[in-house]
Amino acid sequence: MGEGQPPSGRARPRWGGVRARTARTALAALSLAAVAVALAALAGCSAGRPAAVAEPEPDPLPFAVAEDVVVEGSPTVEAAQRRGHLVIGIKEDQPGLGFIDVVSRQRSGFDVDIARWVAASLGFGEDQIEYKAIAGANREQSLVNGDVDLYVGTYSITAGRERQIDFAGPYLVTGQGLLVRQGSAIGGEGDLGPGTVVCSATGSSPIQRIKAERPDVPTTEFDVYSACVEALRNGQVDAVTTDQVILAGYAALFPDELVVVGEPFSEERYGVGLPKGDEALRAHINELLTDGGDTWQAVYDRNLGASGLVLEQPVADHVASADDGTPQGSATFLGVLTGNADLWGEAVANTLLLFFAGGAVALVLGTVVGAMRISPVPVARAVATTYVGAVRNTPLTVVFFFFAFGYPALGLPTPGYVVLAIGALGTYTATYVAEVLRSGISTVPAGQAEAARALGLPFSKVLSLVVLPQAVRSVVAPMVGVLIALLKNTTVAAGFSVAELGVIRANLSERGESALPVLLWVAVIFVVLVLALAALQRWLEVRWRVAR
Amino acid sequence: VSSTLYDVPGPRAVARNRALGVATIVVVGGILAFLLQRLIATGQFSAEKWYVFSTASVWEQVAAATGRTLAAFASAAVASVLVGVALGVARLSDHAWVRWPATVVVEAFRAVPVLVLMMLLYYGLPAFGVRMPTYWAVVIALTAYNGSVLAEVVRAGVGALPGGQAEAGYALGLRKSGVLRLVLLPQAIRSMLPVIVAQLVVTLKDTALGYIITYNELLYFARLVGTQAQYDSPILQAGAVAAAIYIALCLALSAVARWLERRLRRHPAGLAVAPAAVAPGGPPGAGSVGVEAAAAGEQQREGGGA
């Protein structure tokens, strides 16, 4: 719209009408959904609690809270005692290990009980423990930040992690194993073959090991283990692989259906994560574990005994491991980039792949939807309006959630997370493409279309010969704006297991790089890419300005 | 728009439109039927899958998680409007030493993805000893981004006012600050209100990014519920509940934007300047279907947030 053009008073009421319709349609769809939810909830009520969760009360904890504890020289314990409570980082989505039941809100699991045991030995009862659920990727950070005093949650002792934090323990030694259905012919890794589908968490080291060592075995990857376990119970996959005790947690949940088989084919030593340098606390915990008698076994049986997996308490003798030459991180800001060119290359490539493929999907789908929104067919308009109204009012993260978690639940072939991420970005961005097209067409003065119609042109030719060629000019700049947003939105895939720029921090922290320079570089890359697109936008704008 | 593109349909066009309508119904209906078939085949409507949502305990936690989403939104919304006005005014300053830093800040924060900003705050800053809970990382990142977008909105709003407004202000003897404070800003903000509210819809949607840095908000709780194997892993069900809540909240905010727009239209004094004054952060970013009236406007760089 040119500078001198008066506000288009004619168009406004009509747009108001469209908007009102949008709202009505969207609201109608929403209320339908709400009714469906309510009905399903009622159905659930009458059916009562699923049988699988009817478990007897577990035995009481096999240890007592100590009194008047002094751990000489431990800043962590001193701070906790001054504060009056202990903050423990745990997991809450691993049954049998670190788990919370959303209905009863009870925490349970082997790791949680170990944490309770340690807390009790320091004089903190259950009411003096503050649990914080920390995701796997944030564990070191939470200890470094001081968010938690200690962390207990399937935390493998590795030299890389020990540069930032310390470990006490190990309190459990496990290794990669297989979870299968009761009565399955699979008894160990050797029984896997082209006919057995193995499932694990996306990009996790267990699935990578299977892929590398047994390329003949078909694999399926889900973002969360619970999805793998569900697929196993439904018969979509034949085995789930990861650390044996994690599998044992699910086996203990469904002891009649699932069983852990085979010898572990790797070694993971779980330790209690501590802030760096708290030797006194490490010694205290190691001593507790070593002198605990049969407490460990009681805690194990209480949580994982039902799984049938038999484990023994390891010797808790871990001390700070000498520096074994693992990477130290780059000395210079530039070195972060040049020293890890392989990972940066992969990340940038994936970001660009998501951008171009997602953009292509969005442009095609958005053009179809945009055409439907202005078409003379009421049904098509209603469908397109509902789609745009619903998706544009949904956060992109939620759209990703449905593609990454919801789609696999439908039991369809899994195309991999990059494809699902492209689908999510395309679906979301298409609504913006459609709206840009629609408002672009509305900038063409009504007289143009009227003149074309007066010449006797049908709808298709009015659009293709007269309106669209003019609309394209005013559409190009905002369309680049949509693409800029798409480029930035590719980072959301970081939350859903795609190795693009948003997730490189986690990968590089394994190599000992600190987060700040990595993220600054990510920001710099985005600023450069976005400014380049913005320059393109300005150039197109000037070049294709509509002179009216 | 549509009606200017085609004539009142004659008999052949009516028949063709009907055929197209039927084709649309068949295609869309087919897709929906297939999805429904998959949902039924995988037992998504079974009582076990919905059991958790029949307990008061879970709904209490859903309410609490929604509260945390809204808390982050409310803080970020208030802060980004304040930051937006401040930065917008700074960009309008006559002094280069005020204008240039503001420009750099606005351009940089609009170019960096909000998620990367959140990660910088949460994972990056502890290197300098600055540690914050995820809540503040979410709020500060959303404020930085949306404040920058709103700064452009404010600037565009002031820029679109007729020159006579400022001139009249100076003629009355007002100083620069007086002209801005008493004459320009009230009109600009008034005419830009719908766009500002639409940007707040984007802010609300972007709170869901907190899920990725593990801020314990609505989507985070949905995932926790969805991975409960003993309740049959109701991930689709939890996602559906979360999505319904997000959509309801966003529609409510969009409704506010539309209501403001209608109100402004009824009082043309404020509107005289509005339609041309279209904001950069405009429609694609708006997230609302409501504001695209403003869309026709000139440059709009920013598309939708996440």
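Residues numbered from 1 in each chain as written. Chains lettered and ligands numbered in written order. Predicted model: local features only at pLDDT ≥ 70, side-chain atom pairs only at ≥ 80, totals over all residues. Heavy atoms only, no water.

Colleague: Please explain the overall build of chain B as it appears in this structure.
Modeller: When helices and strands are tallied, chain B shows 13 helices and zero strands. By the burial criterion, 59% of the 306 residues in chain B qualify as buried. Within chain B, contacts between residues separated by at least 24 positions form 71% of all contacts whose residues are at least 6 apart in sequence. Looking at chain B as shown, the accessible area adds up to about 11,700 Å², and 70% of this sits on carbon and sulfur atoms. (Helix = DSSP H or I, 4+ residues; strand = E, 2+ residues; numbered from the N terminus. Buried < 20%, exposed > 50% of the residue type's maximum accessible area, 1.4 Å probe, protein only. Contact = heavy atoms within 4.5 Å. Areas by Shrake-Rupley, 256 points an atom, 1.4 Å probe, with all protein chains shown as cover.)

Colleague: Could you clarify how one ought to interpret the overall build of chain A in this entry?
Modeller: On a plain count of helices and strands, chain A comes out with 19 helices and 13 strands. Partitioning the contacts of chain A with sequence separation of at least 6, the portion at a separation of at least 24 is 75%. Carbon and sulfur atoms provide 59% of the accessible area of chain A, an area that totals close to 22,000 Å².

Colleague: Please explain the pattern of salt bridges as it appears in this structure.
Modeller: Oppositely charged side chains are able to pair whenever their charged atoms sit close together. This structure, assessed with the given rule, holds 23 salt bridges over all chains. Between R302 of chain A and D113 of chain A there is a salt bridge; the shortest N-O distance is 2.4 Å. Highlighted residues: R302 of chain A in helix 10 (residues 295–304) and D113 of chain A in helix 3 (residues 110–121), separated in sequence by 189 residues. D113 of chain A gets classed as buried once you look at its relative accessible area, which sits at 0%. Between E126 of chain A and R116 of chain A there is a salt bridge whose closest N-O contact spans 2.9 Å. With a gap of ten residues between them, E126 of chain A in the loop between helix 3 and strand 5 (129–133) and R116 of chain A in helix 3 connect regions that are remote in the sequence. Judged by relative accessible area, E126 of chain A falls into the partly exposed class, the value being 41%. According to the relative accessible area criterion, R116 of chain A is buried, its value standing at 10%. Because the salt bridges share partners, they merge into one network encompassing R91, E107, R110, E152 and R155 of chain B. (Salt bridge = Lys/Arg side-chain N within 4 Å of Asp/Glu carboxyl O.)

Colleague: In this structure, what is going on with helix 9 (residues 279–290) of chain A? I would like to understand it.
Modeller: Since one α-helical turn is 3.6 residues long, residues separated by three or four positions face the same way. Residues and elements named next belong to chain A. Between the first and last C-alpha of helix 9 there are 16 Å, a value that for twelve residues agrees with the 16 Å anticipated at 1.5 Å per step. For helix 9, every residue scored as buried is listed here: A280, L281, R282, H284, I285, N286, L288 and L289. Of the surrounding elements, those touching the buried residues of helix 9 are helix 2 (75–83), helix 3, strand 6 (150–151), helix 5 (159–162), strand 7 (165–174) and strand 13 (268–275). (Expected span 1.5 Å × (residues − 1).)

Colleague: Help me out: how do you make sense of the sheet that holds strand 4 (residues 107–108) of chain A in this one?
Modeller: Residue and element names in this part refer to chain A. Taken in spatial order, the three strands line up as 2-3-4 in an open sheet, and their pairing is antiparallel. In this open sheet, the two strands that pair with only one neighbour each are strand 2 (93–94) and strand 4. In this sheet, strand 4 lies alongside strand 3 (residues 98–100) in antiparallel orientation, the contact comprising two bridges. When the sheet's bridge partners are listed, F99 is paired in strand 4 with S108. (Pairing = 2+ DSSP bridges.)

Colleague: How should I be thinking about the packing of aromatic side chains in this particular structure?
Modeller: To describe a pair of aromatic rings, one takes the distance between the centres and the angle between the planes. Tallied over the full model, the rule gives 18 aromatic pairs over all chains. Arranged with centres 5.9 Å apart and planes meeting at 80°, the rings of F110 of chain A and Y300 of chain A form a pair that is edge-to-face. With F110 of chain A in helix 3 and Y300 of chain A in helix 10, this pair connects stretches of sequence that are 190 residues apart. Residues F401 of chain A and Y211 of chain B carry aromatic rings whose centres are separated by 6.5 Å and whose planes lie at 75° to one another, so their mutual orientation is edge-to-face. Of the two residues, F401 of chain A is situated in helix 14 (residues 396–409) and Y211 of chain B in the loop between helix 9 (176–206) and helix 10 (218–226); the pairing between them involves two chains. Classification of F401 of chain A by relative accessible area gives buried; the value is 1%. Given the relative accessible area of 7%, Y211 of chain B is considered buried. (Phe/Tyr/Trp six-rings, centres within 6.5 Å; stacked < 30°, edge-to-face > 60°.)

Colleague: Explain the packing of helix 13 (residues 378–392) of chain A against helix 2 (residues 11–41) of chain B here, please?
Modeller: In a pair of packed helices, the angle between the axes and the distance between the axes together describe the arrangement. Where helix 13 of chain A contacts helix 2 of chain B, the axes come no closer than 7 Å and their chain directions differ by 35°. On helix 2 of chain B, the residues that touch V379, A380 and V383 of chain A of helix 13 of chain A are G21, T24, I25 and V28 of chain B. Looking at the contact of helix 13 of chain A with helix 2 of chain B, its residues break down into five nonpolar, two polar and no charged. (Axes fitted to C-alpha atoms, helices over the stretch in contact; angles between N-to-C directions. Nonpolar A, V, L, I, M, F, W, Y, C, P; charged D, E, K, R; others polar.)

Colleague: I would appreciate a short explanation of the environment of P126 of chain B in the present structure.
Modeller: Structurally, P126 of chain B can be placed in the loop between helix 6 (114–124) and helix 7 (134–159). Overall, the relative accessible area of 10% leaves P126 of chain B in the buried class.

Colleague: What is the right way to read the side chain of T143 of chain B from this model?
Modeller: Residues and elements named next belong to chain B. Within the secondary structure, T143 is located in helix 7. Relative accessible area serves as the criterion here: at 10%, T143 is assigned to the buried category. Only 2.7 Å separates the side chain of T143 from the backbone oxygen of V139, close enough to count as a polar contact. Non-local contacts of T143, meaning those with residues more than four positions away in its chain, are made with A76, A79, S80, V83 and S148. (Polar contact = N/O pair within 3.5 Å; in protein donor to acceptor, adjacent residues only side chain to side chain.)

Colleague: Just checking my understanding: could you explain the sheet that holds strand 10 (residues 219–222) of chain A for this structure?
Modeller: By definition, the strands of a sheet pair up through backbone hydrogen bonds, in either a parallel or an antiparallel sense. Residues and elements named next belong to chain A. Spatially, the five strands line up as an open sheet ordered 10-9-11-8-12, and their pairing is mixed. Both edges of this open sheet fall to strand 10 and strand 12 (258–261), since each of them pairs with a single strand only. Averaged over all pairs of adjacent strands, the angle between their axes in this sheet comes to 30°, without regard to strand direction. Sheet strands in contact with helix 6 (residues 205–213) are strand 8 (176–181), strand 9 (198–201), strand 10 and strand 11 (239–243), and its direction is about 165° off that of strand 10. Contacts between helix 8 (residues 244–253) and the sheet are confined to strand 8, strand 11 and strand 12, with strand 11 contributing the most and set at about 130° to the helix.

Colleague: What is the right way to read helix 7 (residues 225–234) of chain A from this model?
Modeller: Residues and elements named next belong to chain A. The buried fraction of helix 7 is high, at seven of ten residues. Turning to helix 7, its buried residues number three or more, namely Y225, S226, C228, V229, E230, A231 and L232. Looking one or two places after helix 7, you find G235, whose phi comes out positive at around 85°.

Colleague: I tried to follow the nonpolar core on my own but got confused; where do I start?
Modeller: Nonpolar side chains in soluble globular proteins tend to be buried together. Residues and elements named next belong to chain A. Counting 187 residues, the largest nonpolar core has F110, L179 and W344 as the members making the most contacts within it. A total of 13 residues in this core trace back to one element, the largest contributor, which is helix 19 (residues 515–543). Residue contacts for W344: discarding those within four places in its chain leaves V336, L337, L501, I504, L508, V518, W521, V522 and I525. Of all hydrophobic cores here, the second largest spans twelve residues; its members include I374, V444, A449 and A452. (Core = buried A, V, L, I, M, F, W, Y, C linked by side-chain atoms within 4.5 Å.)

Colleague: What am I meant to see in the environment of Y211 of chain B here?
Modeller: Spatially, the C-alpha atom of Y211 of chain B lies 30 Å from that of A41 of chain B, the residues being 170 residues apart in sequence. Ignoring any residue separated from it by four or fewer positions in sequence, one finds Y211 of chain B in contact with T397, F405 and F496 of chain A together with E217, L219, Y220 and R223 of chain B.

Colleague: Can you help me understand a nonpolar patch on the surface in this one?
Modeller: Where nonpolar side chains cluster on the molecular surface, the patch consists of V27, I31, L32, F34 and L35 of chain B and spans about 470 Å² of accessible area. Topologically, V27 of chain B is positioned in helix 2. (Patch = residues over 30% accessible without salt bridge, like charges linked within 9 Å, V, L, I, M, F, W, Y side chains within 5 Å.)

Colleague: Got a minute to help me understand the packing of helix 14 of chain A against helix 11 (residues 235–266) of chain B in this structure?
Modeller: Axis separation between helix 14 of chain A and helix 11 of chain B bottoms out at 9 Å; the angle between their running directions is 160°. The angle between the axes of helix 14 of chain A and helix 11 of chain B places the two elements in the roughly antiparallel class. The two elements helix 14 of chain A and helix 11 of chain B meet at a crossing, and its hand is left-handed. Along its contact with helix 14 of chain A, which presents V398, F401, F402, F405, G406 and A409 of chain A, the element helix 11 of chain B presents I235, L236, G239, A240, A243 and Y246 of chain B. When its residues are assigned to classes, the contact of helix 14 of chain A with helix 11 of chain B shows ten nonpolar, two polar and no charged. (Parallel < 35°, antiparallel > 145°, perpendicular 65-115°, else oblique. Left-handed = near helix turned anticlockwise from the far one by under 90°.)

Colleague: Explain the confidence of the model for chain B here, please?
Modeller: Any residue range with low pLDDT should be treated as having predicted coordinates unsuitable for detailed reading. Residues and elements named next belong to chain B. Looking at chain B, pLDDT values average 83 and 86% of them are 70 or higher. Confidence, expressed as mean pLDDT per element, reaches its minimum in chain B at helix 13 (residues 283–286) with 36 and its maximum at helix 4 (residues 56–91) with 94. The complex prediction reports pTM at 0.81, with the ipTM value standing at 0.84. (pLDDT = per-residue confidence, 0-100.)

Colleague: Just checking my understanding: could you explain the confidence of the model for chain A for this structure?
Modeller: With 86% of its residues at a pLDDT of 70 or more, chain A shows a mean pLDDT of 81. A low-confidence stretch, residues 1–21 of chain A (pLDDT under 50), is modelled with 24 contacts involving residues beyond four sequence positions or located in other chains.

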